[in-house]
Amino acid sequence: MLVGQFGKDENIAKCVSGKDLLDHCMEKIYQVQSLIGGRYVLIECHDIDKVVSFYHLNGFERLQLDKSDNYLQMVRRL
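Residues numbered from 1 in each chain as written. Predicted model: local features only at pLDDT ≥ 70, side-chain atom pairs only at ≥ 80, totals over all residues. Heavy atoms only, no water.

1. Observations regarding the pattern of salt bridges
Stated precisely, the cut-off is as follows: One speaks of a salt bridge when a side-chain nitrogen belonging to Lys or Arg is within 4 Å of a carboxyl oxygen belonging to Asp or Glu. Helix and strand assignments follow DSSP, with helices taken as H or I runs no shorter than four residues and strands as E runs no shorter than two, numbered in order from the N terminus. Each residue is placed in one exposure class: buried if its accessible area under a 1.4 Å probe, protein chains only, is under 20% of its type's maximum, exposed if it is over 50%, and partly exposed if it falls in between.
One pass over the full model with this rule turns up two salt bridges. Linking D23 and K19 is a salt bridge whose minimum nitrogen-to-oxygen distance equals 2.9 Å. Taken as a pair, D23 and K19 lie in helix 1 (residues 18–36) at a separation of four residues, close to a single helical turn. The exposure class of D23 is partly exposed, given its relative accessible area of 35%.

Structure follows, in structure tokens:
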């Protein structure tokens, strides 16, 4: 499953943590997985240390850098 446009709006960035937002997202993904199946979650992000570290701490591993758009692809096994 591909998670697209994951992030926080600047206007509410201090109201919710990235971890809480990702946990909510993953909860929905597990619900969908129970209905349609699937083994991995794919996130595409900028190759910025802080961003990559956040995803790594939340179970994602580097997959590859997409040279067509310069986004780092990271995956997490469900």
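2. Some remarks on the pairing of strand 4 (residues 71–77)
Rules: Strands were regarded as paired on the criterion that DSSP finds at least two bridges between them.
In terms of burial, strand 4 is a largely internal element, five of the seven residues being buried. In this sheet, strand 4 lies alongside strand 2 (residues 40–45) in antiparallel orientation, the contact comprising six bridges. Paired with C45 across the bridge in strand 4 is L72. The turn joining strand 3 (residues 61–66) and strand 4, which pair antiparallel and follow one another in sequence, is formed by four residues; a positive phi near 65° is taken by N70.

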